Amino acid sequence: MSAGAGVASDGVAAAVVALPVGGVKKSYHELIVQRRGALMTIQFNRPAVRNALRRRTIYELFRALDAASADPEVNVIVLMGNAEAFTAGNDLSDVAAVQNKGLDALNVYFRASNYVMSLLVKRMLLCRKVLVALVQGVCVGMGVTLCALCDVVYATETAQFWTPFSKLGLCAELGSSWTLPHLLGRSKAAELLLFGTRMDAQMALQHGFVVAVLQEDQLQVQFWQRMEEHARLPAASLLATKRLLQHQWRPNVLAAFSEECKELASLRRRSTYLGELAAFAGRAKRSQLKSKL
C-alpha cells in the first residue's frame, strides 16, 4: 500500500500519507503505517514470510498503536496484511536462533516473550481508538488471537482462520481461551483451539467472528469508503461506547492471559515444541543452502 495518487493495489483510497507524530514522520521497517483524515491503517509488511510476526514487528506495532492513541485526529485504526495473508502467525526464526544458545538462553527468551505479549494484550485492550481488523488470505495463530482483541473484524472471501497451537505443542494465547468462546461459542472455539480445524470466511461470519464477508474486488466501496465515514463519527461518542463494551471484557481477557502464560511456561520446555523449533531451524538452513546453489 503506497502513498500517492490513485487507488492502491489492495483497494486503499488515494492520498494516504505517512502518519506524522509530533511533526516528524516515523519510519517503520516491518509495518506500513498510513493515515487519511481520521482513518489510520497499520499494515503488516513482511510479504516474504506471509507477514509472520517476530519481536521487532510487535515492537513496531506498539509504536504505531501508541502514536494513534496519542493523535487526536485519528478515530479508527484498521489492522491489516495483504491479499495473500493477514499474518502467518508467530515467526519462529528468532526463538529457533536462541535455541542454539542453550536452555538458559531459551528460558530468558520465553520470560521476555510473556512480558512482550502482556504489553501487546494491554495495548490492544487499552487502545483509545476503534480497532478494526481486515483479514485477507491466511490468518494463523497469533493473527486469530489479535483479531479477537479488535473491536470489529471484517474478512474477504479468501480469509482462512487457523490456530494450530496443539500441533505445535502449545496452547491458547493472548487471552483467546476467553475471547474465542465468547465470540464463537464454546464448542466452535474448542474445535479451533483444541483440534486446529480451519475456519473459512463464511463459517467465521456464521459464528459471529466477523461482521461481514467482502468481495476482494469491491473493497474500495464495501470497506474503505465505509471506514472513512465511520472515522468521521464524533470521537467522544466512539470512545465512550468502546469503554462500555470493554468494561466487562478487559478484566476477563487479562485473567485468561495470565493463566495461559502459566501453561505456556511448561509447554515450551516440552519435547513437542522444542522439536518443532528444531525442525523449523532445519528447514530454514536447507532453504538457505538451496538459495546459495
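Residues numbered from 1 in each chain as written. Predicted model: local features only at pLDDT ≥ 70, side-chain atom pairs only at ≥ 80, totals over all residues. Heavy atoms only, no water.

**Q** What's the story with a positive patch on the surface in this structure? I'm lost.
**A** The grouping of Arg50, Lys167, Arg198 and Arg283 at the surface amounts to a positive patch. Assessed through its relative accessible area of 44%, Arg283 is described here as partly exposed. (Patch = residues over 30% accessible without salt bridge, like charges linked within 9 Å, V, L, I, M, F, W, Y side chains within 5 Å. Areas by Shrake-Rupley, 256 points an atom, 1.4 Å probe, with all protein chains shown as cover. Salt bridge = Lys/Arg side-chain N within 4 Å of Asp/Glu carboxyl O. Lys, Arg positive; Asp, Glu negative; His and termini not counted. Charge placed at Lys NZ, Arg CZ, Asp CG, Glu CD. Buried < 20%, exposed > 50% of the residue type's maximum accessible area, 1.4 Å probe, protein only.)

**Q** What is the right way to look at the packing of helix 3 (residues 103-126) against helix 9 (residues 235-267) in this model?
**A** Helix-helix packing is characterised by the crossing angle of the two axes and by the distance between the axes. Here helix 3 crosses helix 9 at 170°, and the two axes come no closer than 10 Å. Here helix 3 is positioned roughly antiparallel relative to helix 9, judged by the angle of their axes. Where helix 3 abuts helix 9, its residues Asn114, Met117, Ser118, Val121, Lys122, Met124, Leu125 and Leu126 lie against Lys242, Gln246, Trp249, Arg250, Val253, Leu254, Phe257 and Cys261. (Axes fitted to C-alpha atoms, helices over the stretch in contact; angles between N-to-C directions. Helix = DSSP H or I, 4+ residues; strand = E, 2+ residues; numbered from the N terminus. Parallel < 35°, antiparallel > 145°, perpendicular 65-115°, else oblique. Contact = heavy atoms within 4.5 Å.)

**Q** What am I meant to see in the state of the cysteines here?
**A** Working definition: the covalent bond between the sulfur atoms of two cysteines is a disulfide. Under the definition given, this model contains zero disulfides. Free cysteine Cys150: the closest other cysteine sulfur is in Cys147, separated by 5.8 Å. Cys171 provides the cysteine sulfur closest to Cys261, a residue in no disulfide bond, and the two sulfurs are 8.6 Å apart. (Disulfide = S-S within 2.5 Å.)

**Q** Even after reading the chapter, I still don't get the nonpolar core, so can you show me in this structure?
**A** If you look at soluble globular proteins, the nonpolar side chains tend to sit buried side by side. One finds Ile42, Leu120, Met124, Val135, Phe161, Leu174 and Phe209 to be the most contacted residues of the largest nonpolar core, which totals 59 residues. Tallying contributions element by element places helix 1 (residues 55-70) first for this core, with seven residues. Residue contacts for Phe161: discarding those within four places in its chain leaves Val135, Cys139, Val144, Ala155, Thr197, Arg198, Met199, Asp200, Ala204, Phe209 and Val210. Residues Val130, Tyr154, Leu214 and Met227 belong to the second largest nonpolar core, which totals 15 residues. (Core = buried A, V, L, I, M, F, W, Y, C linked by side-chain atoms within 4.5 Å.)

Purely spatial values, then, with no claim about function.
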